[in-house]
Amino acid sequence: MLKTFTRGGIHPPEEKLSAHTSIQSLPLPAIAIIPVAQHLGAPAKIEINKGDVVKTGQLIARGDGFVSANVHASVSGKVVKIEDVTDVSGYRKPAVIIEVSGDDWLESIIRNEYLDSEIKLTGEEILARITESGIVGLGGATFPSQVKMTIPRGKKVDCLVINGVECEPYLTADHRLMIEKGAEILVGIELLKRAMNVNVAHIGIENNKPDAIRLMHNLVMSHKGIEVHALKIKYPQGAEKQLIKAILNREVPSGGLPVDVGVVAFNVGTVFAIYEAIQKNKPLFERIVTVTGKSLRQPANYKVRIGTPVSLLIQCAGGLPDNTGKIICGGPMMGKTLINADVPIVKGSSGILIIPSGESNRKPVQPCVRCAKCVSVCPMGLEPYLLMPLSEQKIYDRLETEHVMDCMECGSCSYICPANRPLLDFIRLGKLQVGKIIRSRK
Amino acid sequence: MSNLLTVSPSPHVGTTQSVNKLMYGVVLSLVPAFLVSVYFFGAGALIVTLISIASCVVFESAIQRFILKSEVRISDGSAIVTGLLLAFNLPSNIPWWMIVIGALFAIGVGKMTYGGLGNNPFNPALVGRVFLLISFPVQMTSWPLPMVSRLQYTDATTGATPLGVLKEAVRNGETVTEVMKQLPDHMQLFLGQMGGSLGEVSAAALLLGFLWLLYKKIITWHIPVFIVTTVFVFTGILWMIDPSKNASPAFHILTGGVLLGAIYMATDLVTSPMTIPGMILFAIGIGVITVVIRVFGAYPEGVSFAILIMNAFVPLINKYLKPSRFGKEVKYV
């Protein structure tokens, strides 16, 4: 029996079109647009001026406050503008715009692909380097890694969970990274183990990636305290709480964090970025992005510099199909729709998904027939059929007692609803209002 | 870019299931029981079913159009399901105008007064059936005999149902073992060769429909299995206490409306609980009330009443039997 989480979950068609396409380096853009708020928390403070010439890897904005992250130049060239641009979220946020010339890297970065498995730094030095390199969670939450690694007083962490689940349909960036950089990921895990003073790490991979499971299995033989778990295919297993439940059968308490059950979780992409930051002295300025969609000519996995416009990725994958109805940044379950293709790739962008116009509109809404499917698929054990009308009718106190804040917005309820009811839309709205009420009490 | 893009919140994909598919899936699963019914009861079964479906559809669309002045949503198939299930709960010789009244009450009072599909607390088909049973007790309890007068409609030869014979016999002080000799054997009961409502007789056909509903994931197994198990255990205990006064559990399950009720009426999505524990409690309640009415009550059959009574408890069940929440009371040390 393969492990999985116990409550709810769905099985959307996997559609991993680019699973067997090797990672290619995307050509440099002519102009890179680098937002300084790519992470959860306070935007970084810009430390350069218009007209400055920057090198690839140079710090351009410094993390401002405890929960924040540094931002580095992903290209070399001249800063032509510092202004607000529309980012993936649809909001306008400050960004540094660099006109690219050549590809002149900082000399301190080691530019080779050799596997460096010798750990020279101490735990504190590793943590400092991670902070310096602007590493954030690359699974999509973009939570600054150094904050995650700082364990609150009174808590104890006894193991790491490494997330190679990639349960979103279509996306294959983490899958390809494990296949092509598996050994590097394991060195990254060793670095994390040292920095956090933990001896055990568990890697979770869904069973639709048998090649990655086999490879990681073979690789961990030479590492002590690292275990690979093949997991049953079920969305949203890549969610931190569900993954920890699946591998360790520990349940993060409502409103709590993994650290409350002695766990800290990292995505494989983040672990690879940590490897590069420590062993190659390379700040986080590029990442793997899947460009995919059934109508796209060549679905692919690219190594992309942060700040590259989405349009360049689509162009390299065969161009935007004529019948495109929707461009999604991320996967089909939790991704955000883009209002145009000029939006830049940021640290949290795991994929670009093209949906044809025939499939991009929602189906007409019908009355709720109380089929209870939303209740049975909710991984948090909530009752979406009840939360939606409460939110519609603005009954916020009741929404709070029905634990609307436990919702992680995985979208399983909206996915499964045979009446096409916009359950998650209203639950999000309710969460927003209830969140405001909770904060106003403090 | 020349073409406009759609912008909407996630998720961007959805199930291929729809309310219409759920409803037509139920209709399809009722086909075997319908065919068996036409085989045993002939023209009457066909006429009653068609009149019932047509009346439900006409009344629902008329109410939506002329009284509620809302969009006519007949194509969702829910009125067809109500019509079909109402017919399945009627004897095949019932006069046509009674069916029309039953359909009007089922759709009008049972469903549309509450706001239509999804809002009714009681199963509309059962509301219609019970209304007819109280209004026209004679016509609602005269049952055509199977395979006897298949070309007749209202003038078909009638007789009592096995449950009716049993009730009468127990009242007259005869022993159950004596009565059983006059009644069809278990195989005949399983195939449906007995008097009764036109859709309830054949256990075989209903079980076939049940498998289809499970395969299509339209319902879960919990409600039917727990109703049947409860009836089996409860009647089994009574039977073991005194087999001369009580029929066997197998007899109770194969006769009357237990299977039709358990598989189709109690599992009605709208009027059943939202969680698995809730469904189990609901099903046990139906099983117990059914047996209490059959064995201790005045009516020979009690499935309809049992389901309607438990329907009334559904809001309460939903309030107290909530799904188990992730991270609710877990303490990790």
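Note that the structure is predicted; figures quoted are calculated from it, not measured. (Residues numbered from 1 in each chain as written. Chains lettered and ligands numbered in written order. Predicted model: local features only at pLDDT ≥ 70, side-chain atom pairs only at ≥ 80, totals over all residues.)

Draft legend 1. Seen up close, the overall build of chain A. What chain A contains, in helices and strands, is 12 helices and 17 strands. Relative to its length of 442 residues, chain A is compact, with a C-alpha radius of gyration of 21 Å against a globular reference of 22 Å. Projecting the C-alpha coordinates of chain A onto the three principal axes gives extents of approximately 65 × 50 × 50 Å. Expressed as a percentage of its 442 residues, the buried residues of chain A come to 56%. For chain A, the proportion of contacts with a sequence separation of at least 24, taken over those separated by at least 6, is 73%. (Helix = DSSP H or I, 4+ residues; strand = E, 2+ residues; numbered from the N terminus. Rg over C-alpha atoms; globule rule 2.2 N^0.38 Å. Buried ≥ 20, exposed ≤ 12 C-beta atoms within 10 Å, placed from the backbone. Contact = placed C-beta atoms within 7 Å.)

Draft legend 2. Here's a closer look at the packing of helix H9 (residues 384-392) of chain A against helix H12 (residues 423-441) of chain A. All names here are of chain A. Close contact between H9 and H12 brings their axes to 8 Å; oriented N to C, the two are set at 55°. By the angle between their directions, the pair H9 and H12 is classed as oblique. Considering how the two elements wind past one another, H9 and H12 form a crossing that is left-handed. For the pair H9 and H12, the contacting residues are Pro384, Leu387, Met388, Leu390, Ser391 and Glu392 in the first and Leu423, Phe426, Ile427, Leu429 and Gly430 in the second. Residues belonging to the contact of H9 with H12 are distributed by class as follows: eight nonpolar, two polar and one charged. (Axes fitted to C-alpha atoms, helices over the stretch in contact; angles between N-to-C directions. Parallel < 35°, antiparallel > 145°, perpendicular 65-115°, else oblique. Left-handed = near helix turned anticlockwise from the far one by under 90°. Nonpolar A, V, L, I, M, F, W, Y, C, P; charged D, E, K, R; others polar.)

Draft legend 3. A look at the domain arrangement of chain A. All names here are of chain A. As assigned here, chain A comprises domain 1 (29-100), domain 2 (123-279), domain 3 (288-359) and domain 4 (373-441). Inter-centroid distance (C-alpha atoms) of domain 2 to domain 3 is 25 Å. At the junction of the two partners, domain 2 supplies 14 residues and domain 3 supplies 15 residues. In terms of residues, the side of domain 2 that touches domain 3 owes the most to one element, helix H3 (residues 173-196), which gives three residues. Its residues assigned to classes, the side of domain 2 that touches domain 3 shows eight nonpolar, four polar and two charged. (Domains from an automatic or database assignment.)

Draft legend 4. Representation of the domain arrangement of chain B within the structure. Residues and elements named next belong to chain B. Here chain B is described as being made up of domain 1 (19-139) and domain 2 (159-320). One C-alpha centre belongs to domain 1, the other to domain 2; they are set 21 Å apart. Listed by partner, the interface residues are 31 residues for domain 1 and 28 residues for domain 2. For the side of domain 1 that touches domain 2, the secondary structure elements donating two or more residues are helix H1 (19-29), helix H2 (31-41), helix H3 (43-67), helix H4 (78-88) and helix H6 (124-135). With seven residues, H2 is the largest single contributor of residues to the side of domain 1 that touches domain 2. Residue composition of the side of domain 1 that touches domain 2, grouped by class: 22 nonpolar, eight polar and one charged.

Draft legend 5. Inspection of the sheet that holds strand S7 (residues 77-86) of chain A at higher detail. Residues and elements named next belong to chain A. Spatially, the four strands line up as an open sheet ordered S2-S8-S7-S4, and their pairing is antiparallel. The sheet is open, and its two edges are formed by strand S2 (31-35) and strand S4 (53-54), each paired on a single side. Of the strand pairs in this sheet, S4 and S7 are connected by two bridges, and their pairing is antiparallel. Across the sheet, residue Val53 finds its bridge partner in S7, namely Lys78. (Pairing = 2+ DSSP bridges.)

Draft legend 6. Spotlight on the packing of H6(B) against helix H16 (residues 303-320) of chain B. All names here are of chain B. Remark: H6 packs on H16, axes separated minimally by 10 Å, with the N-to-C direction vectors making an angle of 130°. The angle between H6 and H16 places the two elements in the oblique class. Note on packing geometry: the crossing formed by H6 with H16 is left-handed. Every residue of H16 that contacts H6 at Leu126, Arg129 and Val130 is listed here: Ser304, Ile307 and Leu308. Looking at the contact of H6 with H16 residue by residue, the classes come out as four nonpolar, one polar and one charged.

Draft legend 7. Structural detail: the interface of chain A and chain B. Listed per partner, the contact involves 56 residues of chain A and 33 residues of chain B. Mapped onto the side of chain A that touches chain B, the elements with two or more residues apiece are strand S15 (324-329), strand S16 (336-337), helix H11 (412-416) and H12 of chain A. Looking at the side of chain A that touches chain B, the element that brings in the most residues is S15(A), giving five residues. Residue classes in the side of chain A that touches chain B are distributed as 27 nonpolar, 16 polar and 13 charged.

Draft legend 8. Region of interest: the nonpolar core. Counting residues in hydrophobic clusters, the biggest one holds 231 residues, and the most contacted among them are Ile34(A), Leu160(A), Val271(A), Ile274(A) and Leu313(A). Contacts of Ile274(A), omitting those with residues within four sequence positions, involve Ile130(A), Ile135(A), Ser145(A), Gly188(A), Leu191(A) and Leu192(A). (Core = buried A, V, L, I, M, F, W, Y, C linked by C-beta atoms within 7 Å.)

Draft legend 9. Seen up close, the pairing of S7(A). Residues and elements named next belong to chain A. Here S7 runs beside strand S8 (residues 92-100); their pairing, made up of nine bridges, is antiparallel. Across the sheet, Lys81 pairs through a bridge with Ile97, a residue of S8. In this antiparallel pair of consecutive strands, S7 and S8, the connection spans five residues, and Gly90 shows a positive phi of 95°.

Draft legend 10. Molecular detail of the sheet that holds strand S12 (residues 263-267) of chain A. All names here are of chain A. With parallel pairing, the four strands of this open sheet are ordered in space as S11-S10-S9-S12. In this open sheet, the two strands that pair with only one neighbour each are strand S11 (226-231) and S12. Taken pair by pair, the neighbouring strands of this sheet meet at an average axis angle of 25°, ignoring direction. Across five bridges, strand S9 (residues 159-163) lies against strand S10 (residues 200-206) in parallel orientation. Residue pairing in the sheet places Ile162 in a bridge with Ile203 of S10. In the packing of helix H4 (residues 210-220) onto the sheet, the strands contacted are S10 and S11, and the crossing angle to S11 comes to about 165°. In the packing of helix H6 (residues 268-279) onto the sheet, contacts are made with S9 and S12, and the angle to S12 comes to roughly 85°.

Draft legend 11. How the structure looks around the pairing of strand S17 (residues 351-356) of chain A. All names here are of chain A. For S17, a buried count of five out of six residues is recorded, marking the element as mostly surrounded by other parts of the structure. Inspection of the sheet shows strand S13 (residues 286-292) paired to S17 by three bridges, in the parallel sense. Paired with Thr292 across the two strands is Leu353, which belongs to S17. As judged from the five bridges shared by S15 and S17, these two strands associate in the antiparallel manner.

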